[in-house]
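Observations on the three-dimensional arrangement
This is what each chain is made of:
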Amino acid sequence: METSPEITSVLRAAVEAGRWAPSVHNTQPWSFVIDGSELALRADDERRLRLGDATGRQMLIGCGAALLNVRLALRALGHEPVVRVLPDPDRPVLVAIVRAGQAVTADDDTRLLYAEIERRRTHRAGFTDLPVPDRLLRALAARAGTEDAHLHLVSSEAETRILAQITGAAQDALSRDRPADLEVARWARRPGSGRTDGVPATGYPREPRVTRPHFAQRDYAHGHPWGGDDDQFFSTSTGVVAILTTSGDRRPDWVGAGQALQRLLLHACAHGVSAAFHTQALENPHLRAFLSEELCAGRHPQMIMRLGVTFDGSSAVRRPVGDILDER
Ligand SMILES: Cc1cc2nc3c(=O)[nH]c(=O)nc-3n(C[C@H](O)[C@H](O)[C@H](O)COP(=O)(O)O)c2cc1C
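The structure displayed is predicted, hence computed values, not measured ones. (Residues numbered from 1 in each chain as written. Predicted model: local features only at pLDDT ≥ 70, side-chain atom pairs only at ≥ 80, totals over all residues. Heavy atoms only, no water.)

What follows is about the site of the ligand. Residues in close proximity to the ligand total 18 residues, the closest being Thr122, Arg124, Arg218, Thr279 and Arg318. Here an oxygen atom of the ligand and a side-chain polar atom of threonine 122 are 2.5 Å apart. Residue arginine 124 places a side-chain N or O atom 2.7 Å away from an oxygen atom belonging to the ligand. Expressed as a share of its isolated accessible area of 620 Å², the protein-covered part of the ligand is 98%. The cavity where the ligand resides is the largest cavity. For the shell around the ligand, the class distribution of residues is 6 nonpolar, 7 polar and 5 charged. A domain-level breakdown of the shell around the ligand finds at least three residues from each of domain 1 (5–120) and domain 2 (134–308). (Near = heavy atom within 4 Å. Polar contact = N/O pair within 3.5 Å; in protein donor to acceptor, adjacent residues only side chain to side chain. Areas by Shrake-Rupley, 256 points an atom, 1.4 Å probe, with all protein chains shown as cover. 1 Å grid on protein atoms, 1.4 Å probe; cavity = no way out; pocket = protein on both sides within 12 Å on 5 of 7 lines; lining within 4 Å. Sits in = over half its atoms within 2 Å of the grid points. Nonpolar A, V, L, I, M, F, W, Y, C, P; charged D, E, K, R; others polar. Domains from an automatic or database assignment.)

Laid out in structure tokens, this is it:
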């Protein structure tokens, strides 16, 4: 049966939305195929971090976030998304097949989240002192829950300190591991670069301001005097520290964690709250196991984040749709 032009244009809009997902170092490890009435989301293993992401966990979290955007786009544009996650064990890079199902009227929540997809940005400094309301935090945890993940809000000072210290230790170890350090540096964009992937030099402060307790940032500048306008990054509050966890730790759990992450980030963004990520410790199996036992009650930590209010307006880049979409 011929696919209607309306369905094709909805699937194209879904790809447009998908590409704005967060991904480790903005690697954008995905590609899409529109084949008739189906949209395939594939992980691009060439873009996986060989050292920082040997198992593909972070790659699949990014793909999961892209999948959530695709689902939101379909629903916002009037179709129930029909999704099969990791449908073929013989094709492990096939993350999902999505079809535009029956007509639906988009609910307010879908419309709200869909509108935030291009506005959401990762923050890489302290937050202002403006509080994140408890009600919003509860709503974010509920969002994560709808995608089978758990948002553990770290409320005790001791736990926050442990997490900050482990992040610092992981970052120090990374800086001493030359191949791993160079892998991060390869995804840093120099000022004025025309690249459409990687972390922009305006996406972090030139002089990191210390929050208390301090959560070490990734070293994207790598000794260069790079960084955004310091006026944008003057705030020094740590914000609310949280760990996104899953009960399992296999490929479907990672795709699920990505969907949960994106759902809670978009909801936060709609309420003026941004996230900063510190996932260095999760790249080290020993530190990750320690965090699982000590802070996550045996669940598997997938993302470490701080949530807060910021006024920075850093920019983001993405590969153009033409580079990531194949139409058959
Ligand atoms: C699995 C994963 C891990 C990440 N880890 C970090 C991190 O440790 N430090 C950081 O600054 N950003 C981290 N990020 C955020 C990415 O750098 C960011 O999503 C990407 O650069 C695109 O920018 P945007 O989120 O502003 O669109 C991570 C994102 C994902 C999905």
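Okay, the UniProt feature "domain: Nitroreductase" (unreviewed entry) in the chain next. Following the UniProt record, the feature "domain: Nitroreductase" (unreviewed entry) maps to residues 10–65 here. As a span, residues 10–65 carries 32% helix and 21% strand, and end to end its C-alpha atoms are 18 Å apart. (UniProt positions renumbered as here; feature names shortened; annotations may be inferred. Helix = DSSP H or I, 4+ residues; strand = E, 2+ residues; numbered from the N terminus.)

Following both chains from N to C, one finds helix H4 (residues 134–146) and helix H7 (residues 251–270) inclined at 150 degrees, their axes separated by 8 Å at the closest point. With respect to each other, H4 and H7 are oriented roughly antiparallel. Regarding H4 and H7, the two cross each other, and that crossing is right-handed. Note on element contacts: H7 touches H4 through Ala260, Arg263, Leu264, His267 and Ala268, opposite Leu136, Ala139, Leu140, Arg143, Ala144 and Thr146. (Axes fitted to C-alpha atoms, helices over the stretch in contact; angles between N-to-C directions. Parallel < 35°, antiparallel > 145°, perpendicular 65-115°, else oblique. Left-handed = near helix turned anticlockwise from the far one by under 90°. Contact = heavy atoms within 4.5 Å.)

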